[in-house]
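Structural features, examined
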Number of protein chains: 2
Amino acid sequence: MDTIQSDGYSIFFDDSITELFKFVEQGNYSKVFVLTDDNTGIHCLPLLQPHLVKLNSYDLIEITAGEENKTIDFCIGVWKMLIDFGADRKALMINLGGGVVTDLGGFVASTYKRGIDFVQVPTTLLSQVDASVGGKTGVDVDGIKNIIGTFTQPKAVFMNDGFLSTLPQRQLLSGLAEMLKHGLICDADYWDELKESDLSLPSAELIYRSVEIKNAVVLEDPHEKNIRKALNFGHTVGHAVETYSLLNDDDPLTHGEAIAIGMICEAWLSNKKAGLSTNQLDEVASVITRLYPKYEVKADSQAELFKLMLNDKKNFDGQINCTLLKRIGDFSIDNLCTEVELYDSLNYYAGL
Amino acid sequence: MDTIQSDGYSIFFDDSITELFKFVEQGNYSKVFVLTDDNTGIHCLPLLQPHLVKLNSYDLIEITAGEENKTIDFCIGVWKMLIDFGADRKALMINLGGGVVTDLGGFVASTYKRGIDFVQVPTTLLSQVDASVGGKTGVDVDGIKNIIGTFTQPKAVFMNDGFLSTLPQRQLLSGLAEMLKHGLICDADYWDELKESDLSLPSAELIYRSVEIKNAVVLEDPHEKNIRKALNFGHTVGHAVETYSLLNDDDPLTHGEAIAIGMICEAWLSNKKAGLSTNQLDEVASVITRLYPKYEVKADSQAELFKLMLNDKKNFDGQINCTLLKRIGDFSIDNLCTEVELYDSLNYYAGL
Ligand SMILES: NC(=O)c1ccc[n+]([C@@H]2O[C@H](COP(=O)([O-])OP(=O)(O)OC[C@H]3O[C@@H](n4cnc5c(N)ncnc54)[C@H](O)[C@@H]3O)[C@@H](O)[C@H]2O)c1
Ligand SMILES: NC(=O)c1ccc[n+]([C@@H]2O[C@H](COP(=O)([O-])OP(=O)(O)OC[C@H]3O[C@@H](n4cnc5c(N)ncnc54)[C@H](O)[C@@H]3O)[C@@H](O)[C@H]2O)c1
Ligand SMILES: [Zn+2]
Ligand SMILES: [Zn+2]
């Protein structure tokens, strides 16, 4: 698998751990910092240790695992550790973890001393196919997701499917939803390939193709002005379902589980409004329901979901702006959907 | 006075308040936020009010005045207010104040929703001739100055010497030190002009020339790799004296008062090591001592000052890296000075 070129940096696949330490050596850094969370400290750091111990100087910084810790408060903790460890402008930060570590670590590095170099070593499927590509960093303030951040490219990304063997199945499924999305918005052949693959542990080749697609989209639209909106497919309804579940369920949906529901609803809307054929709608719904557990959206929660969608997006006159599918492999941005249409899409999902 | 072009934005001088509101109107912003501190809220905001009330929508955000409040904690407070006020990506932030407001406001804006537009309206002499030009934003964490920040250019800067009439004399003198520095490092004619002017309230023309010089230097070296080090003249010794005074004096020196001392010491070093003539050293010392009160650096504090300098800079083998003068109007970077040389320079200042 060839190295993929992104916006001024490379995304390595083959021998990526060797490549990482080649990069470190060539960079002539004053010191190397490895950021992990408590899970990646146990499961992923051992793959780096044999190389780390050969460096002149490195330090480990660990944050507590979990979405709820991707906060400005944890950033302050990491900045203080960098200060205590004497990190200067020529320090390098290696972010080793899922999207929480790569988003928070990217923000911390992009602002420490007005920006030090950082690289991403994503260890979840979601962070490999999504979070680590595109240059968005971000953390939460006051419970508002990603409200603070920068657009800053890493110096390189190192992909290693070896990390995925310790990842819980639900986390794998969460990343898989983004891969299915990549096929649906950009590449019908890839969708067909995914459909026919054993997806309990997606192959390195499938991950590679997803990274290619995400990279191509963000290169065309680095600051999210237009085409990048393609990546929102499934996310309008999906985000609302995700937030709703976080607020109401003891064991809330993962991001990908919520997006899976969102993609079915938005495929229904695509059939209604953007040209997706009924055959293809059926296909999307059947592939996704086969992979993901059914979630009950109670009829009396629909109004709450709609309110969440209104918060989430730029709306016009109480309508919701959605990215939809013209057909499998092609998308259409800026479709306005009414409240009733959104309820009908949720009813479609409930009736499957 | 012509508008000065900087790195992708303009610095306005004539009719700058009118220009500011032209800019606001043309920008089609969803909402305008004005950041002040409690002093600029009283003394400077009234000049903007007649224009603000004509806007569809604006909000005021005020921070507590003072260097000690340029912290990440105050940033969190401002981010929360932006969230509460519903600021979206098309919001504009107007930073109306001294370097504390422009540095903190620039950082807050450059990271809110991964960056919203901001403009600088500097209201102190120091922020006009120094802080508002160059694209550095920054705040303190754990008492470490400017440890967190970004390089982000404002959309425009609006200079108005009308603000300076309410500025305390000591604050004026603080900014004046940077103007003297601009002459010393880059422009002997400008230095001569300053020497002969009434500096109790520097004229708009003198301020303009300082902004031109600072702008030219940062344009040539936006990320502080080489030439920008010219701006460090007076700041190696000066920063140490400033920190020492903050730690030891009831009524500590201002930044400019400390830099004034630093420039005398570093002029002495320039005479010793970089070619500055003895005549010109005498001239520098006499102009500066005429303007600034004498400060006593006790002989037994010299070691403490040297330790502060060692912390501050990249040093080699216990020597200190200084920017010096070849002659008035020309500088030389990366001069290594020994402990003894630095003590001698402090003794020279003490003996004046
Ligand atoms: N920057 C972007 O463009 C972008 C895109 C999508 C998502 N995101 C962000 O990514 C985050 C979600 O990412 P995520 O799903 O990777 O979450 P995560 O980082 O919380 O990882 C999920 C869980 O898996 C654990 N883990 C990570 N790697 C492991 C491994 N190899 N073995 C065992 N356990 C492992 C983690 O400790 C965590 O408990 C969200 O905050 C989201 O906002 C960012
Ligand atoms: N970004 C840069 O490149 C850069 C360069 C130099 C300095 N700085 C920063 O600038 C800060 C110092 O700036 P400063 O000296 O402007 O400090 P400041 O902002 O604290 O202002 C000094 C005092 O004057 C008051 N004030 C401001 N305008 C006034 C007016 N028109 N009338 C009456 N009172 C007024 C303020 O409330 C404050 O009390 C430091 O934090 C320093 O790190 C940044
Ligand atoms: Zn997603
Ligand atoms: Zn200064």
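Remember, predicted model here, so these are calculated numbers, not experimental data. (Residues numbered from 1 in each chain as written. Chains lettered and ligands numbered in written order. Predicted model: local features only at pLDDT ≥ 70, side-chain atom pairs only at ≥ 80, totals over all residues. Heavy atoms only, no water.)

**Points about the coordination of the zinc ion (ligand 3)**
Residues and elements named next belong to chain A.
- For the zinc ion (ligand 3), the full set of protein donor atoms is Glu-178 (OE), His-235 (NE2) and His-255 (NE2), at a range of 1.9 to 2.1 Å.
- Along the chain, the residues donating to the zinc ion (ligand 3) are arranged with the sequence spacing E-x56-H-x19-H. With a gap of 57 residues between them, Glu-178 in helix 7 (residues 169-186) and His-235 in helix 10 (residues 235-248) connect regions that are remote in the sequence.
- Look at Glu-178 and you get buried, because its relative accessible area is 0%. (Donors = N, O, S within 2.8 Å, 3.2 Å for Na, K, Ca; no water. Helix = DSSP H or I, 4+ residues; strand = E, 2+ residues; numbered from the N terminus. Buried < 20%, exposed > 50% of the residue type's maximum accessible area, 1.4 Å probe, protein only.)

**Some remarks on the site of ligand 1**
All names here are of chain A.
- By nearness alone, 25 residues border ligand 1, and Asp-37, Gly-99, Thr-123, Thr-124 and Thr-166 come closest of all.
- At 2.6 Å from an oxygen atom of ligand 1 is found a side-chain nitrogen or oxygen belonging to Thr-124.
- Contact between ligand 1 and Lys-136: a nitrogen atom at 3.1 Å from a main-chain N or O atom of the residue.
- Its free accessible area being 860 Å², ligand 1 has 87% of it covered by the protein chains.
- Counted by class, the shell around ligand 1 contains seven nonpolar, ten polar and eight charged residues. (Near = heavy atom within 4 Å. Polar contact = N/O pair within 3.5 Å; in protein donor to acceptor, adjacent residues only side chain to side chain. Areas by Shrake-Rupley, 256 points an atom, 1.4 Å probe, with all protein chains shown as cover. Nonpolar A, V, L, I, M, F, W, Y, C, P; charged D, E, K, R; others polar.)

**With respect to the packing of helix 4 (residues 72-84) of chain A against helix 5 (residues 99-111) of chain A**
Residues and elements named next belong to chain A.
- In contact at an axis separation of 10 Å, helix 4 and helix 5 are set at 50° when each is read in the N-to-C sense. In terms of orientation, helix 4 and helix 5 fall into the oblique class. Taken as a pair, helix 4 and helix 5 cross one another with a handedness that is right-handed. Here Ile-72, Phe-74, Cys-75, Val-78, Trp-79 and Leu-82 of helix 4 lie close against helix 5, whose contacting residues are Leu-104, Phe-107, Val-108 and Thr-111.
- Across the contact of helix 4 with helix 5, the residue classes tally to nine nonpolar, one polar and no charged. (Axes fitted to C-alpha atoms, helices over the stretch in contact; angles between N-to-C directions. Parallel < 35°, antiparallel > 145°, perpendicular 65-115°, else oblique. Left-handed = near helix turned anticlockwise from the far one by under 90°. Contact = heavy atoms within 4.5 Å.)

**Considerations on the site of ligand 2**
Residue and element names in this part refer to chain B.
- The local shell around ligand 2 holds 25 residues, among which Asp-37, Glu-67, Thr-123, Thr-124 and Thr-166 are the closest.
- Between an oxygen atom of ligand 2 and a side-chain N or O atom of Asn-39, the distance comes to 2.8 Å.
- In the model, a nitrogen atom of ligand 2 is placed 2.7 Å from a nitrogen or oxygen of the Thr-166 side chain.
- Within the complex, the protein chains bury 88% of what would otherwise be the 860 Å² of accessible surface of ligand 2.

**Notes on the pairing of strand 5 (residues 91-97) of chain B**
Residue and element names in this part refer to chain B.
- Summarising burial for strand 5: seven of the seven residues are buried, a large majority.
- Side chains Ala-91, Met-93, Asn-95 and Gly-97 project from strand 5 onto one buried face, and the interleaved Leu-92, Ile-94 and Leu-96 project onto a second face that is buried too.
- Where strand 3 (residues 31-37) lies against strand 5, five bridges are found, and the strand directions are parallel. Pairing of Phe-33 across the sheet is with Met-93, part of strand 5. (Pairing = 2+ DSSP bridges.)

**Remarks on helix 10 (residues 235-248) of chain B**
Residues and elements named next belong to chain B.
- End to end, helix 10 covers 19 Å across 14 residues, agreeing with the expected 20 Å (1.5 Å per residue, within 8%).
- Here helix 10 has its buried residues at His-235, Thr-236, Val-237, Gly-238, Ala-240, Val-241, Glu-242, Tyr-244 and Ser-245.
- Elements in contact with the buried residues of helix 10: helix 7 (169-186), helix 11 (255-273), helix 13 (302-312), strand 10 (320-327) and helix 14 (339-350). (Expected span 1.5 Å × (residues − 1).)

**A few points about unusual backbone geometry**
Residue and element names in this part refer to chain A.
- In this model, Asn-146 sits at a positive phi of 55°, which is unusual for a non-glycine residue.
- Along the chain, Asn-146 falls in strand 8 (residues 144-148).
- Although it is not a glycine, Asp-334 sits at a positive phi angle of roughly 60°.
- Position of Asp-334 relative to the elements: it lies in strand 11 (residues 330-337).
- For Asp-334, a relative accessible area of 39% gives the class partly exposed.

**Here we look at the layout of surface pockets**
All names here are of chain A.
- Of the voids in this model, the second largest pocket is the one considered here, and its volume is about 270 Å³.
- Sorting the residues of the lining of the second largest pocket by element identifies helix 1 (16-27) and strand 3 (31-37) as the ones contributing at least two each.
- In terms of residue class, the lining of the second largest pocket is built from five nonpolar, six polar and four charged. (1 Å grid on protein atoms, 1.4 Å probe; cavity = no way out; pocket = protein on both sides within 12 Å on 5 of 7 lines; lining within 4 Å. Points joined across faces, edges and corners; volume = space filled by probe spheres on them.)

**Considering the domain arrangement of chain A**
All names here are of chain A.
- In terms of domains, chain A is made up of domain 1 (4-166) and domain 2 (169-350).
- Here the C-alpha centre of domain 2 lies 28 Å away from the C-alpha centre of domain 1.
- Listed by partner, the interface residues are 18 residues for domain 1 and 25 residues for domain 2.
- Summed over both partners, the interface of domain 1 with domain 2 comes to about 1900 Å²; 70% of that surface belongs to carbon and sulfur atoms.
- On the domain 1 side of the interface with domain 2, the three residues burying the most area are Ile-4, Leu-125 and Val-129, jointly 31% of the side's total.
- Counting the contacts that link domain 1 with domain 2 gives one salt bridge.
- In this structure, the salt-bridge partner of Lys-214 is Asp-130, at a minimum N-O distance of 2.7 Å.
- For the pair domain 1 and domain 2, the number of links is five residue pairs in polar contact (both at pLDDT 80 or more).
- Here the side of domain 1 that touches domain 2 takes five residues from helix 6 (residues 125-131), the largest share from any one element.
- Along the lines of polarity and charge, the residues of the side of domain 1 that touches domain 2 split into ten nonpolar, four polar and four charged. (Domains from an automatic or database assignment. Buried area = accessible area lost by both parts, 1.4 Å probe. Salt bridge = Lys/Arg side-chain N within 4 Å of Asp/Glu carboxyl O.)

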